[in-house]
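So you can see what is in the structure, the chains are spelled out below.
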Amino acid sequence: EAGVTQFPSHSVIEKGQTVTLRCDPISGHDNLYWYRRVMGKEIKFLLHFVKESKQDESGMPNNRFLAERTGGTYSTLKVQPAELEDSGVYFCASSAARVGELFFGEGSRLTVL
Amino acid sequence: GQNIDQPTEMTATEGAIVQINCTYQTSGFNGLFWYQQHAGEAPTFLSYNVLDGLEEKGRFSSFLSRSKGYSYLLLKELQMKDSASYLCAVSADKLIFGTGTRLQVFP
C-alpha cells in the first residue's frame, strides 16, 4: 500500500513568487493534515481536512497560504506571494480516524531566497 | 496555552538504555504519541498511550502519567540506527508536537 506522498521534495523560489505543494494521502484516509517545521522549531499544525472540508485551519499563518482538497482526495497548499519566513519543511499527514495514528509524508522542503 | 517540553539533545552508547522524557500542558487530551524521525525522512509512528502505565513494544517502551502530564520513551539495547529525532506529540483538538529530542548513539 502506498504511503503519503508529497511533491515536490524540494523547492527553491525567490521572494514574491508562488509555490504549490501537493499531498496525496493514503487511499481511503478522510483526514488530511498539513504541518510545517521551521528550522530549529517544533512541527506546527497548519490545518486539517475531513474529506474536502476544512475542519480546522487555525494554524494557517496568514492569507498568503491557501489549502484545497477538491474531491476529498489529494490536497494542495499554495503560498502566494512567498516570503523569506515561509522557508521550512511542509509535512502532510493522513489518518483514517479523527483520533489516532497519523501517517506522514517525507515533506516538501521550501527555500525562499 | 499548549506546551510540550522535551530535551533538545541526548547521547548514548550502543547497547545502552536511554530514557527520553516529555512533559506537557495542553487543553484537552486524547492520547500521547511518540514518533521517530531520521534526517530527511518522514516521522514514523512508534507508540501511543492514552491510559496511564507502560506500553512495551520490543526494544521500545512508552510510559504515561496523565495526572503528572508526563511521558517517557525508553529505548533498550541501543543500536546505531536508533540515532534519530524522537518527537513527543499530544493529541488534543489537534496533534501538537514538541521540538523533538535528537539522539546520537555512539559505538
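In what follows, the structure referred to is the one given above.
Quick caveat, the model's predicted, so the values are computed rather than measured. (Residues numbered from 1 in each chain as written. Chains lettered and ligands numbered in written order. Predicted model: local features only at pLDDT ≥ 70, side-chain atom pairs only at ≥ 80, totals over all residues. Heavy atoms only, no water.)

Details of the state of the cysteines
Residues and elements named next belong to chain B. According to the stated counting rule, one finds two disulfides over all chains in the structure shown. There is a disulfide in this structure between C22 and C88, and the S-S distance comes to 2.0 Å. In this structure the cystine formed by C22 and C88 twists about its S-S bond by roughly -70°; its chirality is therefore left-handed. Highlighted residues: C22 in strand β3 (residues 18-25) and C88 in strand β9 (residues 84-91), separated in sequence by 66 residues. Each member of the pair C22 and C88 is classed as buried. (Disulfide = S-S within 2.5 Å. Helix = DSSP H or I, 4+ residues; strand = E, 2+ residues; numbered from the N terminus. Buried < 20%, exposed > 50% of the residue type's maximum accessible area, 1.4 Å probe, protein only.)

Considerations on the interface of chain A and chain B
Contact with chain A, which involves 17 residues of that partner, is made by 18 residues of chain B. Linking chain A with chain B are one salt bridge, by the criterion used here. Of the charged contacts, one joins D56(A) and K94(B) as a salt bridge, the two residues approaching to 3.4 Å between their closest N and O atoms. Connecting chain A to chain B are six residue pairs in polar contact (both at pLDDT 80 or more). Among the secondary structure elements, those contributing two or more residues to the side of chain A that touches chain B are β4 (31-37) and β5 (43-50) of chain A. Per-class residue counts for the side of chain A that touches chain B are seven nonpolar, three polar and seven charged. (Contact = heavy atoms within 4.5 Å. Salt bridge = Lys/Arg side-chain N within 4 Å of Asp/Glu carboxyl O. Polar contact = N/O pair within 3.5 Å; in protein donor to acceptor, adjacent residues only side chain to side chain. Nonpolar A, V, L, I, M, F, W, Y, C, P; charged D, E, K, R; others polar.)

Regarding the sheet that holds strand β8 (residues 75-79) of chain A
Picture the strands of a sheet paired through backbone hydrogen bonds; they go either parallel or antiparallel. All names here are of chain A. A sheet is described by the order of its strands in space; here four strands give the open sequence β1-β3-β8-β7, paired in antiparallel fashion. Of all the strands in the sheet, the pair left with one neighbour each is β1 (5-7) and β7 (65-68). Shown here is a sheet whose adjacent strand axes are inclined to one another by a mean of 15°, direction ignored. Sheet topology places strand β3 (residues 19-24) next to β8; five bridges connect them, and they run antiparallel. Among the inter-strand pairings, R22 is bridged to a residue of β8, identified as T76. (Pairing = 2+ DSSP bridges. Axes fitted to C-alpha atoms, helices over the stretch in contact; angles between N-to-C directions.)

Looking at the sheet that holds strand β7 (residues 60-65) of chain B
Residue and element names in this part refer to chain B. As summarised here, the arrangement of the five strands in space is β1-β3-β8-β7-β6, forming an open sheet in which the pairing is antiparallel. At either margin of the open sheet sits one strand with a lone partner, and together these are β1 (3-5) and β6 (53-57). The mean angle between the axes of side-by-side strands here comes to 15°, regardless of whether they run parallel or antiparallel. Note: β7 against strand β8 (residues 70-75), six bridges, orientation antiparallel.

Examining the nonpolar core
Counting 22 residues, the largest nonpolar core has I4(B), L32(B), W34(B), L75(B), L78(B), Y86(B) and L103(B) as the members making the most contacts within it. Elements with a minimum of two residues in this core: β3, β4 (32-37), β7, β8, β9 and β11 (101-106) of chain B. With 21 residues, the next largest nonpolar core counts V4(A), C23(A), F49(A) and A82(A) among its residues. (Core = buried A, V, L, I, M, F, W, Y, C linked by side-chain atoms within 4.5 Å.)

Thoughts on the packing of aromatic side chains
Within the structure shown, the criterion is met by 17 aromatic pairs over all chains. Taking the centre distance of 6.2 Å and the plane angle of 80° together, the rings of Y35(B) and F45(B) count as edge-to-face. Taken together, the residues Y35(B) in strand β4 and F45(B) in strand β5 (residues 44-49) connect sequence positions ten residues apart. Residue class for Y35(B) comes out buried when judged on its relative accessible area of 0%. Given a relative accessible area of 25%, F45(B) falls into the partly exposed group. With centroids separated by 6.1 Å and ring planes inclined at 50°, the aromatic side chains of Y35(B) and F97(B) adopt a geometry described as tilted. One end of the pair, Y35(B), is in strand β4; the other, F97(B), is in strand β10 (residues 95-97), with 62 residues separating them in the sequence. The ring of Y74(A) carries R22(A) above its face, with NZ or CZ at 3.8 Å from the centroid. (Phe/Tyr/Trp six-rings, centres within 6.5 Å; stacked < 30°, edge-to-face > 60°. Lys NZ or Arg CZ within 6 Å of the ring centre and 35° of its normal.)

Observations regarding the environment of L21(A)
Residues and elements named next belong to chain A. Within the secondary structure, L21 is located in strand β3. Along the backbone, L21 and T70 are 49 residues apart, and their C-alpha atoms lie at a distance of 14 Å. For L21, the contacting residues outside a window of four places in its chain are F7, P8, W34, S75, T76, L77, Y90 and S108.

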